[in-house]
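# Inside the fold
Listed below, chain by chain, are the residues.
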Amino acid sequence: MTSAIRLSALTLVFAAIGCGVPAEEQRVLVPEIDGEWWRVAGNPDLGEYHSDEQEPTAFGMWQAADGTWQLWGCIRKTNVGGNTRLFHRWEGASITDANWRPMGVSMIADPQYGETPGGLQSPRATRIADEYLLVYGDWESICLARSADGKTFERQLGGDGNAGMFNEGLGNSTRDPFITHFDGTYYVYYTASPADLGAIYARTSTDLRSWSDSKIVSSGGSAGSAWDDAEVPVVLYLENERAFYLFRTHSEGDSDRYMTSVYRSTDPLDFGVGHDRYLVTTLPAEASWIVRAGDDYFIAATLPDHQGYGVARLAWVRR
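Below you will find a few notes about this structure.

The rules we used
Residues numbered from 1 in each chain as written. Predicted model: local features only at pLDDT ≥ 70, side-chain atom pairs only at ≥ 80, totals over all residues. Heavy atoms only, no water. Helix = DSSP H or I, 4+ residues; strand = E, 2+ residues; numbered from the N terminus. Rg over C-alpha atoms; globule rule 2.2 N^0.38 Å. Buried < 20%, exposed > 50% of the residue type's maximum accessible area, 1.4 Å probe, protein only. Contact = heavy atoms within 4.5 Å. Areas by Shrake-Rupley, 256 points an atom, 1.4 Å probe, with all protein chains shown as cover. Lys, Arg positive; Asp, Glu negative; His and termini not counted. Charge placed at Lys NZ, Arg CZ, Asp CG, Glu CD. Pairing = 2+ DSSP bridges. Axes fitted to C-alpha atoms, helices over the stretch in contact; angles between N-to-C directions. Salt bridge = Lys/Arg side-chain N within 4 Å of Asp/Glu carboxyl O. Core = buried A, V, L, I, M, F, W, Y, C linked by side-chain atoms within 4.5 Å. Phe/Tyr/Trp six-rings, centres within 6.5 Å; stacked < 30°, edge-to-face > 60°.

### Digging into the overall build of the protein chain
A tally of regular secondary structure across the protein chain gives 1 helix and 21 strands. Over its C-alpha atoms the protein chain spans a radius of gyration of 19 Å, differing by no more than 12% from the 20 Å that the globule rule assigns to 319 residues. The C-alpha extent of the protein chain, read off along each of the three principal axes, is 65 × 40 × 40 Å. Put simply, the protein chain has 319 residues, and 53% of those count as buried. In the protein chain, once contacts between residues fewer than 6 apart in sequence are set aside, the share between residues at least 24 apart is 51%. Total accessible area computed for the protein chain in this model is approximately 13900 Å², and 46% of it derives from carbon and sulfur atoms. Computed over 26 positive and 43 negative side-chain charges, the inter-centroid distance for the protein chain is 4 Å.

### Some words on the sheet that holds strand 1 (residues 29–41)
A sheet is described by the order of its strands in space; here 4 strands give the open sequence 1-21-20-19, paired in antiparallel fashion. Whereas interior strands pair on both sides, the edge strands pair on one side only; in this sheet they are strand 1 and strand 19 (286–293). The mean inter-strand angle of the sheet, taken between neighbouring strand axes irrespective of direction, is 30°. Direction of pairing for strand 19 relative to strand 20 (residues 296–302): antiparallel, over a ladder of 6 bridges. Counterpart to E286 in the pairing with strand 20 is T302.

### Examining the pattern of salt bridges
In this structure the tally under the stated criterion is 17 salt bridges. K77 is paired through a salt bridge with E55; the nearest N and O atoms lie 3.5 Å apart. Residue K77 is found in the loop between strand 3 (69–76) and strand 4 (86–92), and its partner E55 is found in strand 2 (residues 55–63); the two are separated by 22 residues along the sequence. The exposure class of E55 is buried, given its relative accessible area of 16%. Put simply, K151 and D66 hold a salt bridge, and the shortest N to O gap is 2.6 Å.

### Thoughts on the nonpolar core
V40, M61, L71, Y189, F247 and W316 are the most contacted members of the largest nonpolar core, which has 54 residues in total. If sequence neighbours within four positions are ignored, F247 has contacts with P31, V232, P233, V234, L236, T260, S261, V262, L283, I290 and W316.

### Quick word on the packing of aromatic side chains
What describes a pair of aromatic rings is the distance from one ring centre to the other and the angle between the planes of the rings. Per the counting criterion, the structure on display carries 19 aromatic pairs. With a centroid separation of 6.2 Å and 65° between ring planes, the pair formed by F182 and Y237 is classed as edge-to-face. One end of the pair, F182, is in strand 11 (residues 175–182); the other, Y237, is in strand 15 (residues 231–238), with 55 residues separating them in the sequence. On the basis of relative accessibility, which here comes to 11%, the residue F182 falls in the buried class. Aromatic ring contacts, followed pair by pair, group W62, W72, F87, Y136 and F153 into a single cluster.

### What about the pairing of strand 21 (residues 309–318)?
Among the 10 residues of strand 21, 7 are classified as buried, and the element is accordingly described as predominantly covered. Bridging between strand 1 and strand 21 involves 9 bridges; their strand directions are antiparallel. Residue pairing in the sheet places I33 in a bridge with L314 of strand 21. Strand direction decides the pairing type here: strand 20 and strand 21, joined by 6 bridges, are antiparallel. Within strand 21, the position partnered with I299 by the bridge is A312.

### Let's talk about the sheet that holds strand 13 (residues 199–205)
The strands making up a sheet are joined through hydrogen bonds of the backbone, oriented either antiparallel or parallel. The 4 strands are arranged 11-12-13-14 in an open sheet whose pairing can be described as antiparallel. Two strands bound the open sheet, and with one partner strand each, they are strand 11 and strand 14 (215–218). For this sheet the average axis-to-axis angle between neighbouring strands, irrespective of direction, equals 35°. Judged from the 6 bridges that link them, strand 11 and strand 12 (residues 185–192) form a sheet pairing that is antiparallel. Note that in strand 12 the partner of H181 across the bridge is Y186.

### Some thoughts on the environment of A109
Structurally, A109 is set in the loop between strand 5 (101–107) and strand 6 (121–128). A relative accessible area of 12% means that A109 is categorised as buried. Taking the C-alpha atoms as reference, A109 lies 8.3 Å from R85; in sequence the two are 24 residues apart. Filtering out sequence-adjacent residues up to four positions away, A109 remains in contact with E115, T116, P117, G118, G119, L120 and R155.

As structure tokens, then:
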């Protein structure tokens, strides 16, 4: 546990004593990796688009309507042209299985829909009500595709015929979206880095077409402010805690390693800007994705060598 986390824990205890609330009642649930990782996918054969330099990177994982598990990964440095990225799909019978079956390329950027050639990034789907909503980046904007079965997705196009819904300005690397739904409102969290300052942004909607102005919900603090210090957000709501948890990937100092810091807040639009008051832990994982299967939680992440994806169990403990 880092000194910053220890300090946060002590602050909670002292605050509880000072206001007359038992310290035990101030302890909160904190996620931790429980056991060993297992590999679910490797570096796929992309056929005509294959490259010896290609690397699996940011991804999403979900259970399809037929019960199978789906993993869509962004593969970079391929021979698809443009910015070299495309989406590949794997399928598994159980989340606890190793070595899921590769299902082939699942999506390539299409310029007729305004997408940047080779620019697809971070495919991440969430089942909400009776449909699956897949959000992804097209190098400039956040896009949405929809599916009934969780396997085959159709782009949602705007009135201009383009897939992009919104961005933080051209050239500002709007990317890494995550979509969820609270109290009748859709929330999309995503990354952008104007002036090379990375931050997690959010927008809301009630119809998936008209979106609010953006708001920075997490940036700076001990995770840093570089362009890659606020990436691939995931937000969970734990009902028994009445709290939201943001998982935010960031670089680890001057190294080429990445970590995932976790923030706890009662406000889904505020996880701390320029401070660590909501920080509860940091996990040794990159581009993390959190999955709930029944009563069990799992964390998935890119492998450290960028040659595939792994999964581990995630436990929740009180601190």
